[in-house]
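Examination of the molecular architecture
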Amino acid sequence: MLVSWEWLSDYVKLDAPLEQVVDKWALSGLNHESTEWVEGVPVIDLEVTSNRADCLGHIGVAREASVLFSKPLTIPRPEFVEVSEEATSIVSVENQFEEACSRYTARVIRGVKVGPSPEWFAKRLRSIGVKPINNVVDVTNYVMMEIGQPLHAFDLSRVLGGKIVVRRAVDKETFVAIDHRTYALDSQMVVIADAKGPLALGGVMGGLESEVSESTVDLLIEAASFAPMSIRRAARKLKLHSPSSYRFERRIDPNGLDWASRRCCQLIQQLAGGVILEGVVDSKQEVVRGAVVSLRRARVHQVLGIEVPWAQSKRILEQLGCEVTAATDTELNLVAPTYRQDLTREADLIEEIVRVVGYDAIPEDAMVPMVSSARRPKDIMMGTLRAVACASGFDETLNPSLIGKGATDRISPWCAQDPLATSVPLLEGAAVLRRSLVPSLIAARLHNQSQSIRDVRLFETANVYLPQGEGLPKEQLNFGCIAESDPRIIRGVFEECLGRIWGSGVEAIEERVVEFDFMERGTGIAWYVDGVMLAWVGSLSKALAQSSKIEGAVAIGELDLDMLLSRAVLVPRLRVLSPYPAILRDLNFIVDEGVQWQGLRRTIEVAAGKLCKEVVFREIYRDTKKDGAGKKRILLTLTIQSDEETLRSEQADALVASVITACQGEHAAQLLS
Amino acid sequence: MALESFYSAIDGMLADAQACLLGVDSPEGVESMRIQFTGAKNGALKTIQKLLGTVPAEDKPAAGKRFNEAREAIEQLLLQAADRAGGKPKAVTGPLVDPTLPGLRPRMGVLHPITQTLEHLKEIMGRLGFNVTEGPEIEDEWHNFVALNIPEDHPARDPLDNFYLSAAKATVPSTGARLLRSQTSTVQIRVMESTPLPLRIISLGRVYRPDAPDATHFPMFHQMEGLWVDKNVTMAQLKSVLRLFATSYLGGDVNVRFRPSFFPFTEPSVEVDYWWNGQWIEFGGAGMVDPNVFRAVGIDPEEWSGFAFGLGVERLCMRRFGITDIRDLYRSDVRFLRQFAS
């Protein structure tokens, strides 16, 4: 809202300098955007919150200043002499669309002389960015900028039979506005029409056909009240925002129509002459009663934590326009002014009091009682996870929750249903809620690749959105990783996290070799608990890597953190160590390529029994010259230890022998001696 | 030979070497001592090494360790004596250690600056007694609007100002509009619906609003929301908690300023500024929980009162780390991310 300092002085005389007034406004609810000098006059740009439509006119802003500086507010009296001819004798109004237009009033002025406005008047409008058109249109704009009520003047000769119909637009009905553009309307929009067609798009913009021009002699002055929703919808849909729609969207004073209409007639007569017909054509004569609200003295203190003198509270509310109907030492009953439709409850009144008193009065050293508060298990778990990831060389990224269509958008290891999408994309082309973090991580790796940064390891912890039937989707917190070449890098990170967070609970995990279509065949592994997937790791398929232009082999994996948390054991417990020495035995087996560690390990564990504390994988290597093609060597170490006695080497030998026999039997493994 | 005897033989030799080398003052003298003690044939060390073979098997590891220590000690003594005698250091052959080479620095990852900020906020608010809570990012209109006193005709509900989920396939009957939450205040509602009073919570997370991305706007960002509901919670306590927070976060003595504002879910509503380093800094919005919000979740506003506040995490993060373009936070460029190692 642009406020002319000079114009404002019509309504309130302030001694305080501009800066002081501006500061006071800012600290009482009218935020100061800027002050500019236009044609020698300071013009102040104030940010008016959407609940304060009363401040979308100079009088409303002046009222604030008058209350803040205890200066009287002068509101012009819209008085004029009417001729005896009644407006109703030549104009009629039929309101067929009360949901969108609760009240429509029309006044008639005859015999005006349309021409330019006087300079002082035009200058006021120019200073706040309103382009002067002619004296009649200028007055309608002036009054809107004075009181906040939009008005419209029609050339009465263009209103067929003087019959105004407020109605729904017909679908696809067209209308040429005063901006010379044609708009296609729909049946939810309200038009001001005559028998021929729309004259104005109600509350938004007038029509070219009936606009006031140099040749206009008789005027119909509209002052109406349009419903905020209806106006907002129309303005949005047509991308036609006007000072008028802006004010109606914020709800104008329903009792302000008459003042504005009279003020408009008064000024037109002053500027353009003419005679004002008697009375008003009114679709619904009514006085809207302001909200009845009561205020308890004790409540002011309860909410604010400070004592405001009761007399001061009362005075502030009265100055703001509230009518006190009953006052005791402990309670006020009052009626809020209709230009302040935001005042309907006690809490609203308390806000009025404190913003005028000033928030400075509220101390910033009130007592805050102590309560217990602790880190959640989830925060502790996340701390562990992040520490492991960072220690393993993974940088954390955060990526948008929505992804676009592309080579990777079908990566969805957690759910087979189609992804959810938003009606408006988050970023260009990105309207799909991701079902996996991997597409984002691939994009992140690609970005770095394009900057010639290779071998980045990245992780993200964020929700994925898994549709499930008709209800709210499942939001699953995932830990996603991407790394160079070897999936064991990611698997190792997951194993470390699991070991730290689940402890011995990892024994519940069942490992399965899996194939997902986005993985290179034979590289995928997944962990399940009670048949539900906890994590997966693998290599991105060469086809996908190629189509998404990723260079080199890429390992990817995800871990379900909700499931991880559900079994977290965040405080490790002591396990008593065996006091007897352990015997380590290295074994080097030659096996077929097809033999997998998982199977071999199981065989060893079963054969070795409980004296075998650990089977540690060391490495795989190949010596085709000695072993022939299709063979590999697996080197591993057994830790053999008893909790009851010192083992003799013969016991260890026997155990190792049974391991070798089992591996020979089940995997055709040859021990390399 | 018993272990003890072996040890005393070593001790004797070491004492001997120390005494002999003390009097040496020429390179020739040092060389003869070297032969006497470390000579390959009849050096004193060789003699001791032979004794090692006679130590019982189970004591061998300990004895061997002690022997190695003795050898190193003698070599040290010889070096020191050579230094004193001023002889030329022996020309070294083979690869040289370059102690000026850079260290073998572990390549550790770095936490995202937003994560660091979120954790920092949780820590400070935790000390003030606020527990962390969470809620879903995909919300229904009840939690995102209705219960927050945002009526149907409020501009905040405009479909163009929100990320509504597009209707799923025609075969799935509509179950009410869903949208990506536009504020973390939704969590207030969920917590008040499910948690006994009093409560003091914060919720942090992603929120979504259609905004064309530029240096200060991104359609996805993070908020921290705080809520305290108890008997007799006042605006003075709101101001005080925010001051304690700011003093902890920014450091030094910080003052708080309230400016009136308008939010549907609080009344009175204020914008909060901090006076810090000689200027007012915008912090976020706050206010006393609107009675309509309490009623929406079945709390009697006559019995309970409370305050709520919300702030943009990105702004705090960017100010802290000197980041000037919000979009950099979501580009995953490791050159950017690795700057914030801490």
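Residues numbered from 1 in each chain as written. Chains lettered and ligands numbered in written order. Predicted model: local features only at pLDDT ≥ 70, side-chain atom pairs only at ≥ 80, totals over all residues.

**Here we look at the overall build of chain B**
Our working rule: Numbering of helices and strands runs from the N terminus, with a helix taken as a DSSP run of H or I at least four residues long and a strand as a DSSP run of E at least two residues long. Radius of gyration here uses only the C-alpha atoms, and the compact-globule reference equals 2.2 Å multiplied by the residue count raised to the power 0.38. Any residue pair is listed as a contact if its two C-beta atoms, each placed from the backbone, are within 7 Å.
From N to C terminus, chain B includes 11 helices and 10 strands. Expected size for 342 residues packed as a compact globule is a radius of gyration near 20 Å; at 37 Å, chain B overshoots this value by more than 25%. Within chain B, residue pairs in contact and separated by at least 24 positions form 65% of the contacts whose partners lie at least 6 positions apart.

**Looking at the overall build of chain A**
Basically, it comes down to this: Here a residue counts as buried when 20 or more other C-beta atoms sit within 10 Å of its C-beta, as exposed when there are 12 or fewer, and as partly exposed otherwise, the C-beta atoms being derived from the backbone.
A count of helical and extended segments in chain A gives 19 helices and 32 strands. Here the C-alpha atoms of chain A give a radius of gyration of 40 Å, more than 25% beyond the 26 Å that 2.2 N^0.38 yields for 673 residues. Principal axes of the C-alpha set define a box for chain A whose edges measure 125 × 60 × 45 Å. Residues counted as buried form 44% of the 673 residues belonging to chain A. In chain A, the proportion of contacts linking residues at least 24 apart, taken out of those at least 6 apart, comes to 70%.

**Remarks on the interface of chain B and chain A**
Here is the rule we go by: Gly is placed with the polar residues, together with every amino acid not listed as nonpolar (Ala, Val, Leu, Ile, Met, Phe, Trp, Tyr, Cys and Pro) or charged (Asp, Glu, Lys and Arg).
The interface of chain B with chain A comprises 69 residues on the first partner and 72 residues on the second. Its residues assigned to classes, the side of chain B that touches chain A comprises 36 nonpolar, 16 polar and 17 charged.

**A short note on the sheet that holds strand β31 (residues 631-640) of chain A**
The pairing of strands in a sheet comes from backbone hydrogen bonds and takes either a parallel or an antiparallel form. All names here are of chain A. Inclusion rule: For two strands to count as paired, DSSP must find a minimum of two bridges between them.
Overall, antiparallel pairing links the 4 strands, which are arranged β30-β31-β29-β32 in an open sheet. A single partner strand is all that each edge strand has here, and the edge strands are β30 (612-621) and β32 (670-671). Taken together, the 2 bridges between strand β29 (residues 583-592) and β32 define a ladder with antiparallel strand orientation. Considered in β32, the bridge of Ile 590 is made with Gln 670.

**Some points on the pairing of β29(A)**
Bridge analysis of β29(A) against β31(A) gives 10 bridges, and the strand direction is antiparallel. Looking at β31(A), one finds that Leu584(A) is bridged to Thr639(A).

**Observations concerning the pairing of strand β25 (residues 510-514) of chain A**
All names here are of chain A. Among the 5 residues in β25, 0 count as buried, and that is only a small part of the element. Relative to strand β26 (residues 524-529), β25 is paired through 5 bridges, and the arrangement is antiparallel. Note on β26: the bridge partner recorded for Glu 511 is Trp 527.

**Some points on the nonpolar core**
We apply this condition: One nonpolar core equals one set of buried Ala, Val, Leu, Ile, Met, Phe, Trp, Tyr and Cys residues connected by C-beta atoms within 7 Å.
Counting 235 residues, the largest nonpolar core has Val136(A), Val191(A), Leu201(A), Leu219(A), Ile221(A), Ile268(A) and Phe307(B) as its most contacted members. Setting aside anything within four residues of it in sequence, one finds Leu201(A) in contact with Phe175(A), Ala177(A), Tyr183(A), Met189(A), Val191(A) and Ala234(A).

**Let's talk about the sheet that holds strand β3 (residues 41-47) of chain A**
Residues and elements named next belong to chain A. Filter applied, for reference: Simply put, an axis is a line fit to the C-alpha atoms, just over the touching stretch for a helix, and the angle between two N-to-C directions goes from 0 to 180 degrees.
The antiparallel open sheet is built from 3 strands, whose spatial order is β1-β3-β2. Unpaired on one side and paired on the other, β1 (2-4) and β2 (31-38) mark the two borders of the sheet. The mean inter-strand angle of the sheet, taken between neighbouring strand axes irrespective of direction, is 25°. Both β1 and β3 contribute to a ladder of 3 bridges, which runs antiparallel.

**Let's talk about the packing of helix α3 (residues 44-52) of chain B against helix α4 (residues 60-85) of chain B**
What describes two packed helices is the angle between their axes and the distance between those same axes. All names here are of chain B. Our working definition: What sets the label is the angle itself: under 35 degrees gives roughly parallel, over 145 gives roughly antiparallel, 65 to 115 gives roughly perpendicular, and the rest give oblique.
The interhelical angle for the contact between α3 and α4, taken along N-to-C directions, is 175°, at an axis separation of 11 Å. Accordingly, the angle class assigned to the pair α3 and α4 is roughly antiparallel. Contacts from Leu 45, Ile 48, Gln 49 and Leu 52 of α3 reach α4 at Ala 63, Gly 64, Phe 67, Arg 71 and Ile 74. Looking at the contact of α3 with α4, its residues break down into 6 nonpolar, 2 polar and 1 charged.

**Some words on the environment of Lys549(A)**
Assignment of secondary structure puts Lys549(A) in the loop between α15 (542-547) and β28 (554-560). As for Lys549(A) and Phe516(A), which are separated by 33 residues in sequence, their C-alpha atoms are 20 Å apart.

**Some words on the environment of Ile640(A)**
All names here are of chain A. Here Ile 640 lies in strand β31. Classification of Ile 640 by C-beta neighbours within 10 Å gives buried; the count is 23. Once residues within four sequence positions are removed from consideration, Ile 640 is found in contact with Ala 582, Ile 583, Arg 585, Leu 611, Cys 612, Leu 647, Ala 652 and Leu 655.

**Some points on helix α5 (residues 113-127) of chain B**
All names here are of chain B. Filter applied, for reference: Expected helix span is given by 1.5 Å per residue-to-residue step, counting one fewer step than there are residues. Directions pointing from the helix axis toward each C-beta atom define the arc.
A rise of 1.5 Å per residue sets the reference length of α5, with its 15 residues, at 21 Å; its end C-alpha atoms lie 21 Å apart and thus fit the reference within 8%. Every buried residue belonging to α5 is among Pro 113, Ile 114, Thr 117, Leu 118, Leu 121 and Met 125, and all of these are buried. Seen along its axis, α5 keeps its buried residues to an arc of 135°; they face one direction. Elements in contact with the buried residues of α5: β5 (199-208), β6 (220-230), α8 (235-250) and α10 (313-321). Positive backbone phi, at 90°, marks Gly 129, one or two positions downstream of α5.

**Overview of unusual backbone geometry**
Residues and elements named next belong to chain B. Here the amide bond leading from Leu 197 into Pro 198 is cis, since omega sits at -5°, within 30 degrees of zero. Secondary-structure assignment places Pro 198 in the loop between α7 (185-194) and β5. Backbone torsion omega between Glu 267 and Pro 268 reads -5°, so that peptide bond is classified as cis. Note on placement: Pro 268 falls in strand β8 (residues 266-276). One non-glycine residue, Asn 149, adopts positive backbone phi at about 65°. Following the sequence through the fold, Asn 149 ends up in the loop between α6 (141-144) and β3 (163-164). Residue class for Asn 149 comes out buried when judged on the 20 C-beta atoms lying within 10 Å of it. Positive phi is not limited to glycine here, since Asn 277 has a value of about 50°. Its place among the elements puts Asn 277 in the loop between β8 and β9 (279-289).

**As for the packing of helix α5 (residues 135-147) of chain A against helix α8 (residues 257-272) of chain A**
All names here are of chain A. To keep it simple, the criterion reads: Two helices crossing with the near one rotated counterclockwise from the far one by less than a right angle form a left-handed crossing, whereas a clockwise rotation gives a right-handed crossing.
Close contact between α5 and α8 brings their axes to 9 Å; oriented N to C, the two are set at 140°. By the angle between their axes, α5 is oblique relative to α8. Along this stretch, α5 crosses α8, giving a crossing that reads as right-handed. Taken together, the residues of α8 that come into contact with α5 (itself represented by Asn 135, Val 136, Val 139, Thr 140, Tyr 142, Val 143 and Ile 147) are Trp 259, Ala 260, Arg 263, Cys 264, Leu 267, Ile 268, Leu 271 and Ala 272. Here the residues of the contact of α5 with α8 are counted per class, giving 12 nonpolar, 2 polar and 1 charged.

**Focus on the confidence of the model for chain A**
Spelled out, the test is: The predictor's confidence in any single residue is recorded as pLDDT, a number from 0 to 100.
Residues of chain A with pLDDT of at least 70 account for 100%, and the chain-wide mean is 94. Least confident of the elements in chain A is helix α18 (residues 624-627) of chain A, whose mean pLDDT is 89; most confident is strand β20 (residues 395-396) of chain A, at 98.

**Concerning the environment of Ala106(A)**
Within the fold, Ala106(A) resides in strand β6 (residues 101-110). When sequence neighbours within four positions are dropped, the list of residues in contact with Ala106(A) reads Ala87(A), Val91(A), Val93(A), Ile164(A), Leu220(A), Ile221(A), Glu222(A), Val280(A) and Val281(A).

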